[in-house]
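Working through the structure, step by step
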Amino acid sequence: MPLFSRLFSTKPDPRELVRPLWHQVISVARDPQWYATCKVADTVDGRFDMITAVLSVALVRVEASNELRPYSALITELFVEDMDGQLRELGTNDVVVGKRMGKLMAAMGGRLGAYRAAIDSDDPAGELAQTAQRNISFADDGQPDCVAQRLLAFSQRLTELDDDAILAAENVQ
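What you are looking at is a predicted structure, and each value in this text was computed from that prediction instead of being measured. (Residues numbered from 1 in each chain as written. Predicted model: local features only at pLDDT ≥ 70, side-chain atom pairs only at ≥ 80, totals over all residues. Heavy atoms only, no water.)

With respect to the helices and strands, the residue valine 80 is situated in helix H5 (residues 71-89). When the C-alpha atoms of valine 80 and alanine 36 are compared, they prove to be 27 Å apart, with 44 residues separating the residues in sequence. Among all residues touching valine 80, those that are not within four sequence positions of it are Met101 and Met105. (Helix = DSSP H or I, 4+ residues; strand = E, 2+ residues; numbered from the N terminus. Contact = heavy atoms within 4.5 Å.)

Written out as structure tokens, the structure reads:
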């Protein structure tokens, strides 16, 4: 949406419907247990890896619902908006932001496919551990099985919630 349209529009931003879910995704990804117990690297890369992992699990649940599927694009837009802001906050200049965003979106797309395949597999815990091993920055004593178990528990929790609760981000954590 062009800048002037956003500034002077009286229409509500449709992304506001999914912002609570986006905030919960970020909250889950920032849980200190990922870093303390599972030994995900507590770095910019490690935090990005956890955001993409948790967001992927949430998107798999959203896309599984005919009612919620249209909202997956809005959640992805919030991801893009947030990552753009983070890059700028880290000092990335305007000329480079677009190129970096392209790389981040490619990473997100690839990871979404990998996490979706893992969750839908016959051995989700094992597949999630392998996917975590490939896609998450760990400290030297990283625990991909720990990440897999926590992602699987998060996925199961989302599966138990109805669509309205998902959209409102009720009991997501």
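Quick look at unusual backbone geometry now. With phi around 65°, lysine 39 is a residue other than glycine that occupies positive phi space. With respect to the secondary-structure elements, lysine 39 resides in the loop between helix H3 (32-36) and helix H4 (44-63).

It is worth spelling out the state of the cysteines at this point. Enumeration over the complete set of coordinates arrives at one disulfide. Two residues, cysteine 38 and cysteine 146, share a disulfide whose sulfurs are 2.0 Å apart. Negative torsions about the S-S bond denote left-handed disulfides, and the value of about -60° found for cysteine 38 with cysteine 146 makes this one left-handed. With a gap of 108 residues between them, cysteine 38 in the loop between H3 and H4 and cysteine 146 in helix H8 (residues 144-160) connect regions that are remote in the sequence. A relative accessible area of 18% places cysteine 146 in the buried class. (Disulfide = S-S within 2.5 Å. Buried < 20%, exposed > 50% of the residue type's maximum accessible area, 1.4 Å probe, protein only.)

With that settled, the discussion passes to the environment of glutamate 67. Residue position: glutamate 67 is located in the loop between H4 and H5. Look at glutamate 67 and you get exposed, because its relative accessible area is 62%. Separated by 25 residues in the primary sequence, glutamate 67 and aspartate 42 place their C-alpha atoms 36 Å from one another.

Moving on, we get to the layout of surface pockets. When its volume is computed, the largest pocket comes out at roughly 400 Å³. For the largest pocket, the lining is made up of 14 residues, of which Val44, Phe48, Met83, Gln86 and Leu90 are closest to its centre. The element that contributes the greatest number of residues to the lining of the largest pocket is H4, accounting for five residues. (1 Å grid on protein atoms, 1.4 Å probe; cavity = no way out; pocket = protein on both sides within 12 Å on 5 of 7 lines; lining within 4 Å. Points joined across faces, edges and corners; volume = space filled by probe spheres on them.)

The next subject is the packing of aromatic side chains. The tally for this structure, following the rule as stated, stands at two aromatic pairs. Where phenylalanine 48 meets phenylalanine 79, the ring centres are 6.2 Å apart and the plane angle is 40°; that geometry is what we call tilted. Placement of phenylalanine 48 in helix H4 and of phenylalanine 79 in helix H5 is noted, with a sequence separation of 31 residues between them. Grouping residues by exposure puts phenylalanine 48 and phenylalanine 79 together as buried. We note arginine 47 situated over the ring of tyrosine 35; from NZ or CZ to the ring centre the distance is 4.6 Å. (Phe/Tyr/Trp six-rings, centres within 6.5 Å; stacked < 30°, edge-to-face > 60°. Lys NZ or Arg CZ within 6 Å of the ring centre and 35° of its normal.)

Two elements in contact, H4 and H5, have axes separated by 10 Å at closest approach and are oriented at 165°. Accordingly, the angle class assigned to the pair H4 and H5 is roughly antiparallel. The crossing of H4 and H5 is right-handed. Contact residues: H4 offers Phe48, Ile51, Thr52, Leu55, Leu59, Val62 and Glu63, while H5 offers Ser72, Ile75, Thr76, Phe79 and Met83. (Axes fitted to C-alpha atoms, helices over the stretch in contact; angles between N-to-C directions. Parallel < 35°, antiparallel > 145°, perpendicular 65-115°, else oblique. Left-handed = near helix turned anticlockwise from the far one by under 90°.)

Scanning the entire structure with this criterion turns up seven salt bridges. Where salt bridges share partners, they join Glu16, Arg19 and Glu81 into one cluster. (Salt bridge = Lys/Arg side-chain N within 4 Å of Asp/Glu carboxyl O.)

On the surface, Glu67, Asp162, Asp164 and Glu170 cluster together into a negatively charged patch. Its place among the elements puts aspartate 164 in helix H9 (residues 163-168). The exposure class assigned to aspartate 164 is exposed, which follows from its relative accessible area of 63%. (Patch = residues over 30% accessible without salt bridge, like charges linked within 9 Å, V, L, I, M, F, W, Y side chains within 5 Å. Areas by Shrake-Rupley, 256 points an atom, 1.4 Å probe, with all protein chains shown as cover. Lys, Arg positive; Asp, Glu negative; His and termini not counted. Charge placed at Lys NZ, Arg CZ, Asp CG, Glu CD.)

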